[in-house]
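Structure at a glance
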Amino acid sequence: MKTVSSGDVLKKNRRALVLAVIMLALALVLLSLPAYEFDATLYTKRSGNTFVGDERYAKAMEEVEAVAESYRQQGYEVSVSEQVTERVNSKGETTSMITFSIGSAKTYRAWDFLGAGLPSSKILTVVLLCAAGSLVLMLLGLRGGMATPHYALKGASARMRVIACALAFIAVLLVPVFAMVNTHSFSREVTLFLSNMGGEAAPALMQKIGEFLYGGVEADQLPELLKGVTYHTTWALWALIPVLFVLLCSLIVLAKGELGPTLARGGLYVFIIAMSLLILYPFYVMFITAFRGNAETTDMYFLHMLPTKWIWSNMKDIVERGVLRYLMNSIVLSVGATTIAMLCGIPAAYAMARMKFKGKNVFLGFVIMSQMFSPVVLLVGISQLMNALHLNDTIIGLMLINAAFNQAFAIWLLRGTFLSISSEMEQAACIDGCNTVQALVRILLPMAAPGIVTTLIFVFINAWNEYTISTVLISTPANKPITVGITQFSSFNMIEWQYLFASALLATVPVIILFMCIEKHLAAGLTSGGVKG
Amino acid sequence: MDSILVRRKWEPYVWLLPSIILMTTFVIFPIMIVFKLAFSEISKAGIVGGFVGFQNFVDAVKAPAFGPVMINTFIWVISVVGLSTLIGFIMAMVLNQEFIGRKVARSIVVFPWATSLVIQASIWNYIIKYEYGNLNNVLLNMGIIKQAINWRATYQIEFMWECGVGIFVTIPFVTFCVLSGLQSIDAAYYEAATVDGASFWQKLTHVTIPLVMPSLTVSTVLNIIYVFNSFPIIYTITKGAPANKTDTLITYLYMLAFYDQKKGPATALSVIGFTILCLVSGLYMMMTMKKEDA
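Keep in mind it's a predicted model, so treat the numbers as computed, not measured. (Residues numbered from 1 in each chain as written. Chains lettered and ligands numbered in written order. Predicted model: local features only at pLDDT ≥ 70, side-chain atom pairs only at ≥ 80, totals over all residues. Heavy atoms only, no water.)

Below, the discussion takes up the overall build of chain B. When helices and strands are counted, chain B shows 12 helices and two strands. Element order for chain B, N to C, with α for helix and β for strand: α-β-β-α-α-α-α-α-α-α-α-α-α-α. Viewed in the frame of its principal axes, chain B has a C-alpha envelope of about 75 × 70 × 30 Å. Split into buried and exposed, the 294 residues of chain B put 53% on the buried side. Within chain B, contacts between residues at least 6 apart in sequence are counted, and of these 65% link residues at least 24 apart. When the accessible surface of chain B is totalled, it reaches about 13,100 Å², and 69% of it is carbon and sulfur. (Helix = DSSP H or I, 4+ residues; strand = E, 2+ residues; numbered from the N terminus. Buried < 20%, exposed > 50% of the residue type's maximum accessible area, 1.4 Å probe, protein only. Contact = heavy atoms within 4.5 Å. Areas by Shrake-Rupley, 256 points an atom, 1.4 Å probe, with all protein chains shown as cover.)

Okay, structure coming up:
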C-alpha cells in the first residue's frame, strides 16, 4: 500500500468536493434550460395562383389571421408562417402558390415534465432523488473526516460514500432512459394511437400528452392535433450526462481515493454487458419470433418487444410439416459422420502419435493440407463423384463427405491428445504381451477420453450445422437435414418467419448445450493439440 | 518421441489405411474431377466433352461479373478476417480478466459459433428488414429512433451487413484461439514487466502480443480459409442480388454451376479459388511444420 500523507488526502478530497458541488449546481441549471422543443401545426391553408402582396394574398392572410386569433382566444401560443412555391406552367407563365400554416412552437424545461404524469416524469423524479440523495449521503459520509484516506475510513462513512457513488451512477444511466421514454411516448405511442393500434393504455396516455402540450383538449380533437407534432431534444438534456458523470467521478475519488482503477473496472463490466447483449440479440429475435402469430411477424406497427400473444402451437405446426423428419435426418447424419470420422481417425492418430514409419511427414503434410480444403470450393466435383457412386441424394453420401472433411481435424486433435499422454503404460503392456490393438483399446483410449469426447462433439456439431453440401446434394425432401429443411419455410415471395425460427430453435438449442460442454477443452485443443499452433 | 513396439514394418500403414481411403475418395477425387472438368468442354446438359485448354478460364474471367466478384471476395475476406481478429483479440483480453460472471460470459461468447451459419444468416436477414425487421422494432419501442430506418437501402449497405454478420460469427473462434494463447502465458512475465515499470501498452506490445502470436497466426490463416469458403451468409441474405453485385467467388460459383448450368466456367473458378487456398494453406503448412521440428 502506498503511503499517503493526510495533507495530500485533504487536498484531493477538497478538490473533489468542490467539483461535486459545482456539478450539482450545473445540473440544476441544465434542468432549467429548454430540454425539448415541440412544433405542432394546428391549421394549414393553401392559396393557389397567389403572389405575395396581391389581392388574393391579402384576403387569404386575413382569413388565416382570423383563425389564428380564434386559437389565441383558446389560449394557444401560435404563430403564422407562409411558404411560397413558384412554378412555370405550360404556357410559360409563372404561377405561385402560398401555403399558410398556423403553428404553435413551445419549449419545455426538464422541470415541466415533473408534474406532467407522463411515463418519463417518474424517471426524472428518480434522477432528481438520486442526485439529491448522493449529495446528502456524501455530506454525511464526510463526517468520517476529510483528511482520512479512504481505506482508514470508519465503516458507516465509507459505506455512505460508496452508496452516494451508486446513486450518482444510477442518475447518469437514467438521463438517456428519460430521453428514450419521451421518444417512445411522443413518437411511437402517438403513431400507434393514430393508426388505431395502441394498446389499452393508449387513450389515457394521449390525454396526458394533450394536457402537457395544449393544456387540456377535447378527446376528439386530439388525433388531429397530434398528427402535426414534431419535436427535438436540445443539447441541454444531453449535457446533463457528462455533468452527472463528472459528479460521479468526484464522488468516486471521495469514496475510493483513486479514480483510474474504479473506472477501468466499470468499463470492463460495461463492455462485457454490452457484448453479451449484442451476442444474445439474434437469439432473442429467434426465440420471440418463433412464437409470434403469422400476421405479427410482418407488421411493423403491430410489433412489440414480446409477442402480444404467445403462439405455442407454432411448434405443433412445424412438426406437422415434417420438421421431426429433418431433425431425425440430422441426427442420423451427424452420428454417422462422427462415427466414421472417429473409426478412421483414431487408428490414424494412434499410428501418428505412437509409431515410427517412413512417409510419416508426408502424411502429416497431407493432413494439414486437407484441413484447408473446404468442400464448398469443390462442390461441382463432389456432386459429380456422388453421381458416379450413386450416393447422390442420400444421407449416407452426406455422412461420408462430412466424415472425410472433418478427418483432418479429428486426426489432429486426437494426435495431440495421445501425444500428451505418456506411452510408458502401453510400452509396459506390450512387453507383457499385449498387442497394439489391445494397448490402444484397453489403456490409451480410457486415458484419452476427454480429448476424444471433445473431438467427437466438435465433429458432430460441424456435421449438424453443415448446409452448403447438403443443399446441393439432397433434393428429396425426406432426406433433408434440418439446416436445409428450414428453408422450405421461405419461398421466393413469402417467408413464414415464425415457422422458420421455430425450427431453427429446435436445431440450435441442443447444439449450444453440447458446445458449452466442450467449450473449456476446445480452447486448449484448438491451438495446442488440434489445429496445431 | 517415445514410440511403442511395432513388430511388423507394414503395421502403421494398416492403421492409416481407413483414413487414407476416406480422404482419397472424398477429398482427392473431387479435386481431380474439378481439375479435369475445368479443362473440358461441358454442354448445358452436363455432358463432358473433350479437352479445351483454357477456354473455360477465359470464359469465366471474361464474364462481366468476374471483376466485381473478385473485388467483393477480397473485401469480404479482408474485412471479416481483419475486424474479427481485432475484436476477438480485445474480447479475449477482456475474458482473460478475473470478474464476476466470467464463466457465463465465456459460455455466451460460444453461442454464435455453435449456431449453423444458415440460421444466423436467416435471423439477421429478418432483423434488418425495413418494413418489419426486428432492429427497427426494438429501436422504435425503446425510443431510440423516431421513424423506421431502411437498413438495406443499397446493395453496398447490404454487403456491409453481410460482412458484419460474417464478423459476428467469426469472432468466437478468434476469441477462443487467443484466449488459449493468453492462458498459457506465464504470469511471471507480467510480474517481471511490472517490476521494470512497464505500462499497460508496453506489456501489451512487448509481452502479450509476441506470446499469443502463434495462436493468432493459426486462427488468422484458418479464418482466411473458412471465410473465403463461407457460403450461407451471402446466399441467405441477398443471394448475390442485384446482378451478382454482392456475390463472392463461392456464391458466384454456386450460381454459375447449379442455377445457370455453366459447369465449365464454374469449375474454372473452382480451380482459381483452389489455387488461392493452396497458396494460403501452403504458407500455413510451412509455418506449422517448422514448429513441429522445433
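Alright, that's what it looks like, and here's the rest.
Broken down by element type, chain A carries 21 helices and four strands. The C-alpha atoms of chain A give 36 Å as radius of gyration, which overshoots the globular expectation for 533 residues (24 Å, by more than 25%). With respect to the principal axes defined by its C-alpha atoms, chain A has extents near 110 × 85 × 50 Å. Considering chain A as a whole, with its 533 residues, one finds that 51% of them fall into the buried category. Once local pairs closer than 6 in sequence are excluded, the contacts in chain A between residues at least 24 apart make up 74%. Accessible area of chain A: about 24,500 Å², with a carbon and sulfur share of 64%. Across chain A, the mean location of the 38 positive side-chain charges is 17 Å away from that of the 32 negative side-chain charges. (Rg over C-alpha atoms; globule rule 2.2 N^0.38 Å. Lys, Arg positive; Asp, Glu negative; His and termini not counted. Charge placed at Lys NZ, Arg CZ, Asp CG, Glu CD.)

Residue and element names in this part refer to chain A. According to the domain assignment, chain A contains domain 1 (6–32 + 111–297), domain 2 (41–109) and domain 3 (313–529). The C-alpha-based centres of domain 1 and domain 3 are spaced at 50 Å. Each side of the interface is counted separately: domain 1 has nine residues, and domain 3 has 10 residues. Summing both sides of the interface, domain 1 and domain 3 together bury roughly 840 Å²; the carbon and sulfur share of this comes to 74%. Area buried by domain 1 at its contact with domain 3 is led by Met-286, Ala-290 and Phe-291, which between them contribute 50% of it. Remark: the boundary between domain 1 and domain 3 carries zero salt bridges. At the junction of domain 1 and domain 3, the tally comes to three residue pairs in polar contact (both at pLDDT 80 or more). Of all the secondary structure elements, the ones that give two or more residues to the side of domain 1 that touches domain 3 are helix H9 (260–290) and helix H10 (294–297). Tallying contributions element by element places H9 first for the side of domain 1 that touches domain 3, with five residues. Of the residues contributing to the side of domain 1 that touches domain 3, the split by class is five nonpolar, three polar and one charged. (Domains from an automatic or database assignment. Buried area = accessible area lost by both parts, 1.4 Å probe. Salt bridge = Lys/Arg side-chain N within 4 Å of Asp/Glu carboxyl O. Polar contact = N/O pair within 3.5 Å; in protein donor to acceptor, adjacent residues only side chain to side chain. Nonpolar A, V, L, I, M, F, W, Y, C, P; charged D, E, K, R; others polar.)

Residues and elements named next belong to chain A. Along the chain, the position of Arg-161 falls in helix H5 (residues 155–194). No salt bridge is formed by the buried Arg-161; the nearest opposite charge belongs to Glu-258, separated by 14 Å. Those residues in contact with Arg-161 that lie beyond four places of it in its chain are Asn-13, Gly-141, Leu-142, Gly-145, Leu-153, Leu-254 and Ala-255.

Moving on, we come to the interface of chain A and chain B. Counting residues at the interface gives 120 residues for chain A and 104 residues for chain B. Both faces considered, chain A and chain B share a buried interface measuring about 10,100 Å² in area, 76% of it formed by carbon and sulfur atoms. Taken together, chain A and chain B are joined by zero salt bridges. The element that contributes the greatest number of residues to the side of chain A that touches chain B is H9 of chain A, accounting for 18 residues. Class assignment of the residues belonging to the side of chain A that touches chain B gives a composition of 79 nonpolar, 29 polar and 12 charged.

Structurally, the position occupied by Arg-188 of chain A is in helix H5. One buried charge, Arg-188 of chain A, has no salt-bridge partner; the nearest side chain with opposite charge is Glu-189 of chain A, at 6.9 Å. In terms of polar contacts, Arg-188 of chain A uses its side chain to reach the side chain of Asn-141 of chain B, at 3.1 Å.

In this section: the packing of aromatic side chains. All chains considered together, the criterion is met by 54 aromatic pairs over all chains. Seen in terms of ring centroids, Tyr-350 of chain A and Trp-15 of chain B are 5.0 Å apart; in terms of plane orientation they differ by 65°. Their pairing is edge-to-face. Within this pair, whereas Tyr-350 of chain A is found in helix H12 (residues 323–354), its partner Trp-15 of chain B is found in helix H1 (residues 11–38), the two belonging to separate chains. Judged by its relative accessible area of 0%, Tyr-350 of chain A falls in the buried class. Here Trp-15 of chain B falls in the buried class, since its relative accessible area comes to 10%. Arranged with centres 5.9 Å apart and planes meeting at 40°, the rings of Tyr-126 of chain B and Tyr-132 of chain B form a pair that is tilted. A residue is classified by how much of its surface remains accessible, and Tyr-132 of chain B, at 13% relative accessible area, is buried. Of the aromatic side chains, those joined through ring pairs into one cluster are Tyr-36, Phe-38, Tyr-108, Phe-113, Phe-178, Phe-186, Phe-212 and Tyr-231 of chain A. The ring of Tyr-231 of chain A carries the charged tip of Lys-146 of chain B above its face, separated from the ring centre by 3.9 Å. (Phe/Tyr/Trp six-rings, centres within 6.5 Å; stacked < 30°, edge-to-face > 60°. Lys NZ or Arg CZ within 6 Å of the ring centre and 35° of its normal.)

What follows covers the environment of Met-206 of chain A. Residues and elements named next belong to chain A. Note on placement: Met-206 falls in helix H6 (residues 202–214). C-alpha of Met-206 to C-alpha of Val-190: the two residues are 16 residues apart in sequence and 7.3 Å apart in space. Setting aside its immediate chain neighbours within four residues, Met-206 contacts Glu-189, Val-190, Phe-193, Leu-222 and Leu-226.

With that out of the way, let us pick up the packing of H5 of chain A against H6 of chain A. All names here are of chain A. Two elements in contact, H5 and H6, have axes whose closest approach is 11 Å; the angle formed by their N-to-C orientations is 125°. On the basis of their axis angle, the class for H5 and H6 is oblique. For H5 against H6, the interelement crossing comes out left-handed. From H5, Ser-185, Phe-186, Glu-189, Val-190 and Phe-193 reach across to H6, where they touch Ala-202, Pro-203, Leu-205, Met-206, Ile-209, Phe-212 and Leu-213. Looking at the contact of H5 with H6 residue by residue, the class counts come to 10 nonpolar, one polar and one charged. (Axes fitted to C-alpha atoms, helices over the stretch in contact; angles between N-to-C directions. Parallel < 35°, antiparallel > 145°, perpendicular 65-115°, else oblique. Left-handed = near helix turned anticlockwise from the far one by under 90°.)

On to the sheet that holds strand E2 (residues 79–88) of chain A, then. Residue and element names in this part refer to chain A. An order of E2-E3-E1-E4 is seen for the four strands of this open sheet, with the pairing classed as antiparallel. Each edge of the open sheet carries a strand with a single partner, namely E2 and strand E4 (230–233). Neighbour to neighbour, the strand axes of the sheet diverge by 25° on average, direction disregarded. (Pairing = 2+ DSSP bridges.)

Our focus in this paragraph is the nonpolar core. In this structure, Phe-418 of chain A together with Trp-76 of chain B are the most contacted members of the largest nonpolar core, which totals 187 residues. For this core, the leading source of residues is helix H15 (residues 395–419) of chain A, giving 16 residues. Counting only domains with at least three residues in this core, you end up with domain 1 (6–32 + 111–297) and domain 3 (313–529) of chain A. With residues near it in sequence (within four places) discarded, Phe-418 of chain A still touches Ile-346, Ala-349, Tyr-350, Ala-353, Arg-354, Leu-444, Leu-445 and Ala-448 of chain A. (Core = buried A, V, L, I, M, F, W, Y, C linked by side-chain atoms within 4.5 Å.)

Right, let's get into the pattern of salt bridges. All names here are of chain B. Scanning the model with the defined rule gives seven salt bridges over all chains in all. Linking Arg-102 and Glu-98 is a salt bridge whose minimum nitrogen-to-oxygen distance equals 3.2 Å. With its nearest N and O atoms 2.9 Å apart, the salt bridge here joins Glu-158 to Arg-152. Here Glu-158 and Arg-152 have matching classes, each one buried.

Further remarks concern the pairing of E2 of chain A. Residue and element names in this part refer to chain A. Alignment of E2 against strand E3 (residues 94–109), held across 10 bridges, turns out to be antiparallel. Bridging from a neighbouring strand, Thr-85 pairs with Met-97 of E3. Adjacent in sequence and paired antiparallel, E2 and E3 are bridged by five residues, among which Gly-92 carries a positive phi angle near 90°.

What follows deals with a nonpolar patch on the surface. Together, Phe-287, Met-305, Leu-306, Trp-310 and Trp-312 of chain A together with Met-142 and Ile-144 of chain B make up an exposed nonpolar region whose accessible area comes to about 660 Å². Following the sequence through the fold, Leu-306 of chain A ends up in the loop between H10 and helix H11 (313–320). (Patch = residues over 30% accessible without salt bridge, like charges linked within 9 Å, V, L, I, M, F, W, Y side chains within 5 Å.)

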